[in-house]
Amino acid sequence: MESLPFLEDIYPQNLLYAVTIRSPIAKGSILSFQIPELPNNYTLITAKDIPGENRLEDSKIPILADKTLSYIGEPVAILLGPDKTKLTELSAKCKITVNEEVPVFSCDTSENSQLDATREIIIGNPIEYSDKLNETADTKSKVITGSYTTGIQEHWYAEPVGAVTWYKDDSSSARLIVKTATQWPYHVKRSVTRVLGIEPSVVSVEPTALNLHMDGKLWYPSLIACHAALGTFISKKPVRLILNREEDFLYTTKRCGSEINISSQIDENGNIQSTNIDINVNLGAYGVNENEILDQICLGSLGLYKFSNLKLSAGVSITNIPTQGPFSGFGLALGLFAIERHVSNIAESVKEDPAIWRENRVDPGLLLPSLPVKNNTNNNDLLRAVVKMSDYYRKRASFELIRQSRKGKLPDKGDNPRGIGIAVGFQGNNLLYHGEDNGVYSVEVTLTKDHNLIIKTSIITCEDYTRIWEKIASDIFSIEPLTIQIISVDSPDCGPSCSSRNITAITKLVEKCCLAIRKQKEQDSLPITVRRSFKPQSGSLRDGVFTPPKGRVLDVSGFLKPGLAAAVVEVSIDLIECIPVIRGVWLAVDGGKIISHNRAKRNLTRGAALALGWAFTENIEYINGVIPKTQYDNFTIFSPMDIPPIHIDFLENPAEAKDNEIKGIGDLPFTCIPAAFIQAVSQAMDHCFNSIPLKRKDIWEITRSKYAEAGHK
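Residues numbered from 1 in each chain as written. Predicted model: local features only at pLDDT ≥ 70, side-chain atom pairs only at ≥ 80, totals over all residues. Heavy atoms only, no water.

*Asks:* I tried to follow the overall build of the chain on my own but got confused; where do I start?
*Replies:* Across its full length, the chain carries 15 helices and 24 strands. Its C-alpha atoms give the chain a radius of gyration of 27 Å, near enough to 27 Å, the size a compact globule of 713 residues would have. Based on the C-alpha atoms only, the size of the chain along its principal axes is roughly 80 × 70 × 50 Å. Counting the 713 residues in the chain, one finds 59% classified as buried. Across the chain, contacts joining residues at least 24 apart in sequence account for 82% of those joining residues at least 6 apart. (Helix = DSSP H or I, 4+ residues; strand = E, 2+ residues; numbered from the N terminus. Rg over C-alpha atoms; globule rule 2.2 N^0.38 Å. Buried < 20%, exposed > 50% of the residue type's maximum accessible area, 1.4 Å probe, protein only. Contact = heavy atoms within 4.5 Å.)

*Asks:* What should I look at first to understand helix α11 (residues 502-520) in this one?
*Replies:* Counting along an α-helix, one turn takes 3.6 residues, and residues three or four places apart therefore face a common direction. Taking 1.5 Å of rise per residue, 19 residues should cover 27 Å, and α11 covers 26 Å from first to last C-alpha, within 8% of that figure. Along α11, the positions that sit buried rather than exposed are N502, I503, T504, A505, I506, T507, L509, V510, C513, C514, A516 and I517. Packed against the buried residues of α11 are β17 (441-447), β18 (453-456), α10 (465-477), β20 (528-534) and α12 (597-617). (Expected span 1.5 Å × (residues − 1).)

*Asks:* Where do I start with the nonpolar core in this structure?
*Replies:* Considering soluble globular proteins, one finds that nonpolar side chains tend to be buried as a cluster. Membership of the largest hydrophobic core comes to 150 residues, with the highest contact counts inside it found for L453 and F677. Once residues lying within four places of it in the same chain are set aside, the contact partners of L453 are V445, T446, L447, A473, F477, I479, T483, I484, Q485 and C514. Core analysis: the next-biggest nonpolar cluster, separate from the first, contains 50 residues, Y220, I224, L243 and Y622 among them. (Core = buried A, V, L, I, M, F, W, Y, C linked by side-chain atoms within 4.5 Å.)

*Asks:* So what exactly am I meant to see when it comes to helix α6 (residues 332-349) here?
*Replies:* End to end, α6 covers 26 Å across 18 residues, agreeing with the expected 26 Å (1.5 Å per residue, within 8%). The element α6 is largely enclosed, with a buried count of 17 among its 18 residues. Positioned one or two residues after α6, K351 has a phi angle of 55°, which is positive.

*Asks:* Can you help me understand the side chain of D555 in this one?
*Replies:* Here D555 lies in the loop between β20 and β21 (563-574). For the buried D555, no salt bridge exists, and the shortest N-O distance to an oppositely charged side chain is 7.4 Å, to R501. There is a polar contact of 2.9 Å between the side chain of D555 and the backbone nitrogen of Q537. Leaving out residues up to four positions away in the same chain, D555 has contacts with N430, L431, L432, P536 and Q537. (Lys, Arg positive; Asp, Glu negative; His and termini not counted. Salt bridge = Lys/Arg side-chain N within 4 Å of Asp/Glu carboxyl O. Polar contact = N/O pair within 3.5 Å; in protein donor to acceptor, adjacent residues only side chain to side chain.)

*Asks:* Sorry if this is basic, but what is going on with the pairing of strand β13 (residues 257-266) here?
*Replies:* Across a regular strand the side chains alternate sides, sitting on one face of the sheet and then on the other. For β13, a buried count of eight out of 10 residues is recorded, marking the element as mostly surrounded by other parts of the structure. Where strand β8 (residues 142-150) and β13 come together, nine bridges link them in antiparallel fashion. Within β13, the residue paired with G146 across the bridge is I262. Sheet topology note: the β13/strand β14 (residues 272-282) ladder contains 10 bridges and is antiparallel. Residue pairing in the sheet places S264 in a bridge with T275 of β14. Taken together, β13 and the strand that follows it, β14, pair antiparallel across an intervening segment of five residues, in which G270 is found at a positive phi of about 85°. (Pairing = 2+ DSSP bridges.)

*Asks:* I'm lost on the packing of aromatic side chains in this one. Help?
*Replies:* What describes a pair of aromatic rings is the distance from one ring centre to the other and the angle between the planes of the rings. One pass over the structure, following the stated rule, counts 13 aromatic pairs. Between F616 and F677, the aromatic rings sit 6.4 Å apart at their centres with planes inclined by 50°, giving tilted as the arrangement. Residue F616 is located in helix α12, and its partner F677 is located in helix α14 (residues 668-685); the two are separated by 61 residues in the primary sequence. Given a relative accessible area of 0%, F677 falls into the buried group. Through successive ring pairs, a cluster of aromatic residues spans W156, F249, Y632 and F635. The residue whose ring lies beneath K236 is F233, and the NZ or CZ to ring-centre distance is 5.2 Å. The lysine or arginine in question, R552, covers the ring of Y433, its NZ or CZ lying 4.8 Å from the ring centre. (Phe/Tyr/Trp six-rings, centres within 6.5 Å; stacked < 30°, edge-to-face > 60°. Lys NZ or Arg CZ within 6 Å of the ring centre and 35° of its normal.)

*Asks:* I keep staring at the environment of I346 and nothing clicks. Help me out?
*Replies:* The topology assignment puts I346 in helix α6. Separated by 338 residues in sequence, I346 and A684 have C-alpha atoms that sit 18 Å apart. Excluding its chain neighbours within four sequence positions, the residues that come into contact with I346 are I144, S264, I266, G270, I272 and W357.

*Asks:* Can you walk me through empty space enclosed by the protein in this structure?
*Replies:* Take a probe with the size of a water molecule and roll it over the atoms, and the empty space left behind shows itself. Taken as a whole and assessed by the stated rule, the structure comprises five cavities of 30 Å³ or more. In this structure, the second largest cavity encloses a volume near 120 Å³. Together, 18 residues line the second largest cavity, and Q296, G329, F330, L332 and D667 are the ones closest to its centre. Among the residues forming the lining of the second largest cavity, the class breakdown is six nonpolar, 10 polar and two charged. (1 Å grid on protein atoms, 1.4 Å probe; cavity = no way out; pocket = protein on both sides within 12 Å on 5 of 7 lines; lining within 4 Å. Points joined across faces, edges and corners; volume = space filled by probe spheres on them. Nonpolar A, V, L, I, M, F, W, Y, C, P; charged D, E, K, R; others polar.)

*Asks:* Would you explain the sheet that holds strand β23 (residues 646-650) in this entry?
*Replies:* Note on sheets: strands pair through backbone hydrogen bonds, and any given pair is parallel or antiparallel. Taking strand neighbours across the sheet as the criterion, the four strands line up as β16-β21-β22-β23 in an open arrangement whose pairing is mixed. In this open sheet, the two edge strands, each paired with only one partner strand, are β16 (418-427) and β23. Across the sheet, the axes of successive neighbouring strands diverge by a mean angle of 15°, strand direction being ignored. Note: strand β22 (residues 579-590) against β23, five bridges, orientation parallel. Bridge pairing in β23 links L587 to I648. Along the sheet face, α14 touches β16, β21 and β22 and points at about 160° away from the line of β16. (Axes fitted to C-alpha atoms, helices over the stretch in contact; angles between N-to-C directions.)

The structure is reproduced here in C-alpha cells:
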C-alpha cells in the first residue's frame, strides 16, 4: 500500500479556503446573524443552505446549528473565500445575536443536567449504604467507600482535523471527492450523502494519512468533511477546511470525564459481601455513542471480580461543553480505574498486600462464563509474572516499612518517598453496539490470473497492519509480498478502525478470504474473488447479568477472547517540585498470538506513556464551558526523553500456540497503569488518592499538611 498524503499537502486548483463561525455562548438560541458585505467569490453558508438532513450519521449533532446553541464553539456557519487572511478579517466581523440561557457544565444532579442514557444492574440482594456509614451492625464487617474521578484527555494529532473536497472534472454531476484523515471512511460517506441529499455512488472518500489518532478521528472528521462538502456543493469549487491547532485543541472531542462512587461491605478478611456502584459520565453536548461508552464504563467498573450482591446505577449527562468521546477505547479504562483503586483500598483496609488480595479473586472467565475461554492465560500467571518482573513484593515491603517509620516526622532534606502499585485490566476486540449501518462488515480478496493478490478493505490506519495482512497472504499462497495490493478506496465497508478491530476481526476476515481462495483454486480457474463478512453476535455478558438496553443488540464477539494485562508502577516523590518521578513500569500481557513482538511492544510502550500522561501530566479541564487558553499554551505531553523505563512481557502458551488467536492489546495500558500509578503515589505520600489526573497542588497540599502536623508535634 502506498503511503498516504497529509491534508496539508493537498491543494486543488481554484481552491477556496473555509473558516468556521462558532457559537459565542454555551446555551441559548440564535436571534439574528449579522455579516459584513462580502466581496465576490466569498460565500457564507448557514443551516438554511443545507440541501439534505442537518444531522451527522449515528448522532443528534447538527451539521450547522440552526436555532439552538449547545456549547461554546459550536459551528454555526461556514465562510468561504480564496484568501485566508481576508477570511479571518471577515469572520471577525460576523456577529451572532443570541438569547442566552443558563448552561450546565457538570454532571452534578444539582445542576439539572439532562440524562441521555441510563443503566442499572442488580445482582443478589445488595445493601443500601449512606454516605456517612462506616461500619455495619456486624463489628467484623465494615464499609469501604470511595469517589473515583477521571478527567478529560486530549488526542493531540500529528495534524489538526480537516477535509479537502472537490468535484472531479469540476461538474455538479461529477463525482464528489472527499479527502480527510478518518478512522471510518464509510461514516464520512454516509454523513456527506445525508447532508447533501445525494446518492452514495456520487461520493468517493479518499482517506489521507491518519497517524496516531487514539480513537479521536472516529466521527469528528465526518463533521468537518460535511462542512467542506457543503462548500463544494454550493460553490462548485474545491474547498479546504483544516482547523488551526488552537481550534482543534478547544473544540474537538476529548476523552470524557467520569465520577464513580463505590461502597463495599467487606468481612474481616477483605471479602466483598455487597457493593453499590454509582456512575456519572459527562459526554457534553448531544451524547454521541452514549450507550457504547456508558456500557463499557459499567463493564469496566465490574472489573474481573465476582459480586454476589451488587447494585450498579449509571447515567450519561448531556451538558454544555463540547461533545466528548472515546480515547483508546470507549470507557473500559474509566471503569477499571475506579474498581482497581477500590479493591486496592479494600486490601489496604485489612492490611493485606493488594497483589495477594487480587491473586485469588481475579477471574477473566466472568466476562463470558457460559463460553469456553481456552486461550486465556491463567489469571494468576499474569500477576505472578508482573510481580516477579518488578520485584514487587520486596519493594513494597521495604517502602511500607519506610512509610511507617516516617509517620509524624519531618522529612529529611532530600528525602524522596517511594511507593509501588499494582492493577489488572482487560479489553475487548470490538464494539458492544453497532450504529445505523447494522454492523455488517466485509473484506474482499481477489487472486488475479497473474497470481497477484488484491485485498479490498476500507480500513485506514497509522499502524503497519497491512504488513501483517501481506504476510498472512504470502504464507497461504507462497507468493512475494510485492505481488499483494491493498486497496482502500471504494472497498467494502469494514467498519471503524478502533478497539483493536484491525488486528483481530479484520485480520481474521483477510485470512478467511485467502484460505477460501486457496481451496477454490483447486477447482476453478483464475481470477477468483471471495468476500467474507461478519455480523454482530448477540448475547449477554457476565452470565446474563450484563444485558443490552431495550431495543439494542449487544454484540459479545469482541469479548470472546479479551486481552488481559497486569501492571506494576514504581514512583518516588520529589517533594521540592511536588511531582512523582516514575522509576519504572512493568506490564505482563496476555495478547494471544503475537505476530510481531516488536510492533506489539512499540504500541504498548506508546500506550503506557499516554496512560501516564492521562494520570498525571495532562491537566486540562473545562472552566465555564471552555478550556482556558492558558491551558492550551502550557499543554505538554510526554516527550521520548521523558518516557520512563517500560518493561513488557508477553505470556504465551507454546502448547496452544497453534490454536491461539490474536487478541487486542493496544488499549491495555490505559486499563491498568493509571490505577497502579495512583496506588504507588498513595503509598509514597501515605495518603489515599483516588482521582486522575493527579495535580502538583494535590501533592503540595498533602506535603504541607504533613509538615504542619509533624512541626506541631
